[in-house]
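For reference, the chains in residue letters:
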Amino acid sequence: MLPYMASYMRNFTDPSVRIEHMMWIPTFQGCFPFAMVIGGLTSTTFSPRISAFIGCALVTSSVALSAYAIQHSFALFFIVYGLLFGLGSGIAYVTAVSTAINWAPDKIGVVSGIVAAGFGLSSSIFAPIQTMIVNPMNLPATKDGYFVQPELLLRVPSLFTKLALIYGIMQAIALVVVCDPPFRIRHSGLGSLSEFIFSSSSQQRYSGVSYTRVRLDEQVVVATATTPDGNSDPSKSRSNESITNDVNDEDDDDYERPVFDNGENEDTTIQLTPKEMLKSPTFYCLFAALFCCSFYANMFYNLYKTYGESFIEDDMFMAMAFSIASVANAIARIGWGYLTDRTSFQIALSTATCLASVFLLTMPMTRELGKMAFLFWLTGTFICMGATHALFITATVKCFGNRHKSNNYGYLILSTTTSGILLAAVSQFYLKAIGYTYLFIITSIFPFCAFIIISCIQWTPQGKLVT
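These numbers come from a predicted model, not from an experiment.

Novice: Teacher, can you tell me more about the overall build of the chain here?
Specialist: What the chain contains, in helices and strands, is 23 helices and two strands. Classification of the 467 residues of the chain by burial places 49% in the buried group. At a minimum sequence separation of 6, the contacts of the chain that also span at least 24 residues come to 81%. Counting only carbon and sulfur atoms, one obtains 65% of the accessible surface of the chain, whose full area is about 22000 Å².

Novice: Just checking my understanding: could you explain the pattern of salt bridges for this structure?
Specialist: Pairs can form between side chains of opposite charge once their charged atoms are near each other. Considering all chains together, one arrives at three salt bridges under this definition. K305 is paired through a salt bridge with D315; the nearest N and O atoms lie 3.3 Å apart. Residue K305 is found in helix α16 (residues 281-308), and its partner D315 is found in helix α17 (residues 315-342); the two are separated by ten residues along the sequence. Like D315, K305 is buried. In this structure, D314 engages K371 in a salt bridge whose closest nitrogen and oxygen atoms are separated by 3.8 Å. Note that D314 is positioned in the loop between α16 and α17 and K371 in helix α20 (residues 371-400), a separation of 57 residues in sequence. Given a relative accessible area of 37%, K371 falls into the partly exposed group.

Novice: I tried to follow the nonpolar core on my own but got confused; where do I start?
Specialist: The tendency in soluble globular proteins is for nonpolar side chains to be buried side by side. Membership of the largest hydrophobic core comes to 112 residues, with the highest contact counts inside it found for F77, F160, F300 and F392. When residues of this core are assigned to their parent elements, the largest contribution, 17 residues, is made by α20. Both domains that furnish three or more residues to this core are identified here as domain 1 (1-178) and domain 2 (272-466). Filtering out sequence-adjacent residues up to four positions away, F392 remains in contact with L286, A289, L290, C293, F345, L349, Y409 and L412.

Novice: Sorry, what's going on with the packing of aromatic side chains here?
Specialist: Two aromatic rings, taken as a pair, are described by how far apart their centres are and by the angle between their planes. For the structure shown, the criterion picks out 28 aromatic pairs. Among the aromatic side chains, those forming a connected cluster through ring pairs are F300, Y301, Y304, Y307, F311, F322, F374, F382, Y436 and F440. Residue placement shows K371 over the ring face of F317; its charged tip is 4.9 Å from the ring centre.

Novice: Can you walk me through the confidence of the model for the chain in this structure?
Specialist: Caution applies to low-pLDDT parts of the model: their predicted coordinates are not meant to be read in detail. Averaged over every residue, the pLDDT of the chain is 82; residues scoring 70 or more account for 81%. Within the model, pLDDT remains below 50 along residues 187-194, and this stretch shows 25 contacts once partners closer than five positions in the same chain are excluded.

Novice: Got a minute to help me understand a nonpolar patch on the surface in this structure?
Specialist: A grouping of L361, F429, Y430, I434, Y438, I441, I442 and I445 is seen on the molecular surface, where their side chains present a nonpolar patch of about 820 Å² in accessible area. Relative to the assigned elements, F429 resides in helix α22 (residues 414-443).

Reading the values: rules and limits
- Residues numbered from 1 in each chain as written.
- Predicted model: local features only at pLDDT ≥ 70, side-chain atom pairs only at ≥ 80, totals over all residues.
- Heavy atoms only, no water.
- Helix = DSSP H or I, 4+ residues; strand = E, 2+ residues; numbered from the N terminus.
- Buried < 20%, exposed > 50% of the residue type's maximum accessible area, 1.4 Å probe, protein only.
- Contact = heavy atoms within 4.5 Å.
- Areas by Shrake-Rupley, 256 points an atom, 1.4 Å probe, with all protein chains shown as cover.
- Salt bridge = Lys/Arg side-chain N within 4 Å of Asp/Glu carboxyl O.
- Core = buried A, V, L, I, M, F, W, Y, C linked by side-chain atoms within 4.5 Å.
- Domains from an automatic or database assignment.
- Phe/Tyr/Trp six-rings, centres within 6.5 Å; stacked < 30°, edge-to-face > 60°.
- Lys NZ or Arg CZ within 6 Å of the ring centre and 35° of its normal.
- pLDDT = per-residue confidence, 0-100.
- Patch = residues over 30% accessible without salt bridge, like charges linked within 9 Å, V, L, I, M, F, W, Y side chains within 5 Å.

As structure tokens, this is what we get:
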């Protein structure tokens, strides 16, 4: 969308607007400050469904209002399509991922990967839709990445209205299934939904379950022992009163305990509040690593198209290439999550960041190798980028506990805001001077720095939990 939006505003709203200025919009779309913290609070105060509804309503409203804002000023468009969209997106996303984890707390990596995959997979659907609506004739951009054809540019405002309608319908359907698991399932000791689905037999599921007494409200009937001559023997019987007293003598807390009690499911893990987490060196290691990962991911995600269009004059190919890379990214998010559950956060992220450094360092070669090589590098980098969304929520839960995961992750995700601001500033003031070749080379340093940081995390207080 960036080339379309920048081209429209240059021709109809503000001639001084460039693609580099538009970088501020996706920066705040994806990481509005404290949006995920707010999402954690709304989810806890109200319910996951209400929290997700608030986020979805903000997103859809911002898209609809953007049709008006883009025709008036860059500042108004930034507020509506950048800040308001980012606020709603952050609230909805953290609600979805934390709710899904509640259903399968023993498969954090896979579950967060699945939610992140859905978050990323939408791009593969909407990128071609946006291109077909705005540029159905596959008109080329200029060498600078701008479109100048009036018939193309005039379709941009109406695109936002159509997208808002589609988003609203999809979100209304999705909200039906956003809910926490029932209380009795969460606290029964029978494990999570994933155990129910993947267990080989019911015997295996109940093998670790013990039973506890349940209080009976009705009258207890007890048989009386008899002597050989047919008379009752009080000395060999227990009265209803004594049994009732025995039951009442027990601690009343037993009545509040679940019928099934699995000792393995007792919450004995570390549970840090946001205030406690902010005092931990482990948090700052994760913060720095996420800063580096989000910087390279946001840079590539936002500028791959303008870079590609500098030597590929095929807008439809760019849309389809992005769709293919997005599907690979979505599958990779699940794969990175599965790898984390099977090995560790440290191994999975180290693999992703090292591969990302290689792809970014060699990305300028695609200018000479052609558009199919560009597709290969695009897909490979997107696969590496998939680790960022899937893995850091997993590390947050494993290091700081499940109880405050939404708020804790909200504070961690602020690192993406700081990296986004740095990226937007670099793009606006230095991109034209340094060019794409040196931008890719410099950016390749960031995932390598993340690799070094994560390699040292085991020496922090909670770091051993993710190594």
